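For reference, the chains in residue letters:
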Amino acid sequence: MNIIETHKLRKVFRTKGNGASQAVEAVRSIDLVVRTGEIFGFLGPNGAGKTTTLRMLSTLIPPTDGRATIAGYDLLRQSRKVRQAIGYVSQVGGVDISATGCENLLLQGQLYGMSRHETEQRVAELLTMLDLTSFADRIARTYSGGQRRRLDLALGMIHRPRLLYLDEPTTGLDPQSRARLWDEVRSLRDEGTTVFLTTHYLEEADVLADRLAIMDHGEIVAEGTPEALKQQIAGDVITLGLDTCNGARHRAHVLLGQQSFVREIHPADGQFQLFVERGEESLLVILRLLDDAGLSVRTVALSRPTLDDVFLRKTGRSLREAAESI
Amino acid sequence: MSFLRHTQLMFQRSVRRALREPAWIMIGMFQPILYLLLFAPLLDNLALPGYGDTTSLNIFVPGLLVMIALFGLGFSGFGILDDLRNGVLERFHVTPANRLALLMGMILNDVILFLIQCGGLVLVATLMGFRANLAGLIVLFGLLAVLGLMVAAFSYALGLIFRDESPLAATLNTLTLPLLLLSGVLLPLSLAPDLLQTIAEFNPFLHIVEAARALIHGDMTHNSIVLAFSAVLVMLVITMQWVVSLFHRMTA
């Protein structure tokens, strides 16, 4: 079952430049599908249109064109029901710094229609779950960045939404907070919540997302599981260092060439660079093969393609370059 | 009914916030009293038309109450800027809560504070010799409440449009001062040239001030009263619709 389906979703912003008004097509006609219960990642450089898409899908801004169905409800005509079904944690967060964490949460829960009592129980749960207890009764103005982010997450989750949007959830967080948040996201998914997150961090998309879409200049340039995307682009590379005896290397070359999963062999400087599919599995087979043939392997290295390689292949730029150009 | 509950929750939030920064409330309380103390003695010397042998306070205080509505609540829109910037308003926007309830909760806090200020002012003025017809005073407070809602909503609307202190302050200053001067609060318009007097007729605040003076005097059937109430109610409905629609569209 799909929890999000968009059809030709489009957003054009009109800005007033110097005199003339300009139209910026932030999101160009995207068709997106997010399956229930998955962690869906939206990867792309800043300015790609990820946040704009997310804001359209959370009813914050109206699309210029196209439609979408969220949790079974029409985005434009049933926006109230959409709002009830989703949680949204924006990039900058929405903590009311003039109030305490508890006060923030109590108000939020009740705005979603929960009774005072229900909200209190849920707040207690969330305080423990997200480790907010030690500071929840302090004014939010005094919170650190990580604490505020955790409160943001709690605010988004308070009504147990089926779908949770996280816009750049770990930007600006230290590695521990980031790892914790990743764990939180996985727990949510395990409990049945669908999580839709945007990020410009490769590692986050790679490690966290069950499926992802890569966005650039308002368009989706690639879609699929991280594994599948990387496999499409390049194989894995296994680098073997063998004994320097010529005969051994020649025999190895022939033997390896016969294997179906080895796409290419490049000998160089006493080493072999093998382009294979599924390097993790192939490596073991190769090592055993060479061992059985009495050929000893001195060094081995396995390198995997990254999502940056995927991005590069699809857009002609590396994600890191794209990030620097903003 | 969830509308009332949401309004109440938002109201409580605004009250808590105000109480945590009592400086503003203190200033708000003292400013009108300061005006009273400074201006009232000056008006003794002017021959004010209308009500024969009443004290100048009876002429001045109703106008002063309207003036606080204009200046005090006129600037209440500043309160929404922080919420706009912090992403708080956006967070509320994403909830299924009724948009009007969200806004009403915030506006009501400003209006109730304003009414308390008015009460304080009337008290101090009474100590100085101000005498009001009780029934008229109660009706006046009703008028002030509706007026207050309208002015606050208008100010919030401008806050949602400008989103920043400087343009908001500039616009509010440009609007409030002429409205005040052309309403006859500080100086009677009989002193103004004919042209200004004609223009002032179109200023709803002129009629609101006239109605306020009539009510204080106990003249419940003065024609300005119906005019004032109608004008304010119509403006209230329009302003409310405007501010709610701005809230819908604010996160562009």
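Residues numbered from 1 in each chain as written. Chains lettered and ligands numbered in written order. Predicted model: local features only at pLDDT ≥ 70, side-chain atom pairs only at ≥ 80, totals over all residues.

Turning our attention to the overall build of chain B. A count of helices and strands for chain B gives eleven helices and zero strands. Sequence-ordered secondary structure for chain B, helices as α and strands as β, is α-α-α-α-α-α-α-α-α-α-α. Whereas a compact globule of 252 residues would reach a radius of gyration of roughly 18 Å, chain B reaches 19 Å, a difference of no more than 12%. Taking the principal axes of the C-alpha coordinates as reference, chain B spans close to 60 × 40 × 35 Å. Sorting the 252 residues of chain B into buried and exposed places 42% on the buried side. Considering only contacts in chain B between residues 6 or more positions apart, those separated by 24 or more positions represent 83%. (Helix = DSSP H or I, 4+ residues; strand = E, 2+ residues; numbered from the N terminus. Rg over C-alpha atoms; globule rule 2.2 N^0.38 Å. Buried ≥ 20, exposed ≤ 12 C-beta atoms within 10 Å, placed from the backbone. Contact = placed C-beta atoms within 7 Å.)

A count of helical and extended segments in chain A gives twelve helices and 15 strands. The C-alpha extent of chain A, read off along each of the three principal axes, is 80 × 55 × 40 Å. Summarising the internal contacts of chain A: among those between residues at least 6 apart in sequence, 69% fall at separations of at least 24.

Contacts between the two partners involve 22 residues from chain A and, on the opposite side, 20 residues from chain B. The set of elements that each furnish at least two residues to the side of chain A that touches chain B consists of helix H2 (79–85) and helix H3 (101–111) of chain A. For the side of chain A that touches chain B, the class distribution of residues is ten nonpolar, nine polar and three charged. (Nonpolar A, V, L, I, M, F, W, Y, C, P; charged D, E, K, R; others polar.)

What follows is about the sheet that holds strand E13 (residues 262–268) of chain A. Residues and elements named next belong to chain A. Pairing in this open sheet of four strands is antiparallel, and the strands run E13-E14-E12-E15 from one edge to the other. Edge positions in the sheet fall to E13 and strand E15 (297–303), since each of these pairs with one other strand and no more. On average, each strand axis in the sheet is tilted by 20° relative to the strand beside it, whichever way the strands run. Strand direction decides the pairing type here: strand E12 (residues 236–242) and strand E14 (residues 271–276), joined by six bridges, are antiparallel. Pairing of Thr239 across the sheet is with Gln273, part of E14. Sheet strands in contact with helix H10 (residues 279–292) are E12, E14 and E15, and its direction is about 25° off that of E12. (Pairing = 2+ DSSP bridges. Axes fitted to C-alpha atoms, helices over the stretch in contact; angles between N-to-C directions.)

Right, let's talk about the sheet that holds strand E7 (residues 86–89) of chain A for a bit. Residue and element names in this part refer to chain A. The mixed open sheet is built from six strands, whose spatial order is E7-E8-E9-E4-E10-E11. The open sheet has two edge strands, E7 and strand E11 (219–224), and neither has a second partner. Neighbour-to-neighbour, the strand axes of the sheet open up by a mean angle of 15°, direction not taken into account. Sheet topology note: the strand E10 (residues 211–216)/E11 ladder contains five bridges and is antiparallel. Of the residues in E11, the one forming a bridge with Ile214 is Ala222. Most of the contacts of helix H1 (residues 50–57) go to strand E8 (residues 163–167), to which it runs at about 150°, and overall it touches strand E4 (39–43), E8, strand E9 (194–199) and E10.

Here we come to the pairing of E10 of chain A. Residues and elements named next belong to chain A. A large share of E10 lies buried, amounting to five of its six residues. Across four bridges, the pairing between E4 and E10 is parallel. For Phe40, the partnering residue across the bridge sits in E10 and is Arg211. Between the end of E10 and the start of E11, which pair antiparallel, lie two residues, with His217 showing a positive phi angle near 50°.

Partitioning chain A into domains gives domain 1 (2–230) and domain 2 (235–303). The centre of domain 1 of chain A, based on its C-alpha atoms, is set 45 Å off from the matching centre of domain 2 of chain A. (Domains from an automatic or database assignment.)

Residue and element names in this part refer to chain A. In terms of residue burial, E8 counts as a mostly covered element, since five of its five residues are buried. Across the two faces of E8 the burial is the same, with Leu163, Tyr165 and Asp167 and Leu164 and Leu166 all buried. Note: E7 against E8, four bridges, orientation parallel. By the bridge assignment, Tyr88 is partnered in E8 with Tyr165. Judged from the five bridges that link them, E8 and E9 form a sheet pairing that is parallel. Its bridge partner being in E9, Leu166 is matched across the sheet by Leu197.

All names here are of chain B. Between helix H1 (residues 2–20) and helix H6 (residues 99–127), the shortest axis-to-axis distance is 7 Å and the interhelical angle comes to 45°. By the angle class used here, H1 and H6 are oblique. Like other packed secondary-structure pairs, H1 and H6 cross with a definite hand, here right-handed. Judged by residue contacts, Phe3, His6, Thr7, Leu9, Met10, Phe11, Ser14, Val15 and Ala18 of H1 engage Ala101, Leu102, Met104, Gly105, Met106, Leu108, Asn109 and Leu113 from H6. Within the contact of H1 with H6, the residues separate by chemical class into twelve nonpolar, five polar and no charged. (Parallel < 35°, antiparallel > 145°, perpendicular 65-115°, else oblique. Left-handed = near helix turned anticlockwise from the far one by under 90°.)

Once that is clear, we can look at unusual backbone geometry. Residue and element names in this part refer to chain A. Positive phi, close to 70°, is recorded for Thr59, a residue that is not glycine. Considering the arrangement of structural elements, one finds Thr59 in the loop between H1 and strand E5 (65–70). Taking the C-beta count within 10 Å as the criterion, Thr59 has 22 such neighbours and is therefore assigned buried. Positive phi, normally seen in glycine, also occurs at Glu168, with a value near 45°. Residue Glu168 is classed as buried on the basis of its C-beta count, with 21 C-beta atoms lying within 10 Å.

Quick look at helix H10 (residues 204–217) of chain B now. The end-to-end C-alpha distance of H10 of chain B, which contains 14 residues, comes to 20 Å, matching closely the 20 Å that a straight helix rising 1.5 Å per residue would cover. Counting buried positions along H10 of chain B yields 13 of 14 residues, so the element is predominantly enclosed. (Expected span 1.5 Å × (residues − 1).)

Another point: the packing of H6 of chain B against helix H7 (residues 134–162) of chain B. All names here are of chain B. Axis separation between H6 and H7 bottoms out at 9 Å; the angle between their running directions is 135°. Classed by the angle they form, the pair H6 and H7 counts as oblique. For the crossing formed where H6 meets H7, the hand is right-handed. Packed against H6, whose contacting residues are Leu103, Ile107, Asp110, Val111, Phe114, Leu115 and Cys118, the element H7 presents Phe141, Leu144, Ala145, Gly148, Leu149, Ala152, Ala153 and Tyr156 at the interface. Residues of the contact of H6 with H7, tallied by class, amount to 13 nonpolar, one polar and one charged.

Looking now at the environment of Thr128 of chain A. Here Thr128 of chain A shows up in helix H4 (residues 116–129). Sequence separation between Thr128 of chain A and Phe275 of chain A is 147 residues, and the spatial gap between their C-alpha atoms is 48 Å.

Our focus in this paragraph is the environment of Ile30 of chain A. Residue and element names in this part refer to chain A. Positionally, Ile30 belongs in strand E2 (residues 21–30). Take Ile30: there are 21 C-beta atoms within 10 Å of it, and that puts it in the buried class. For the pair Ile30 and Leu151, spaced 121 residues apart in sequence, the C-alpha separation works out to 32 Å. Ignoring any residue separated from it by four or fewer positions in sequence, one finds Ile30 in contact with Thr6, Leu9, Thr53, Glu219 and Ile220.

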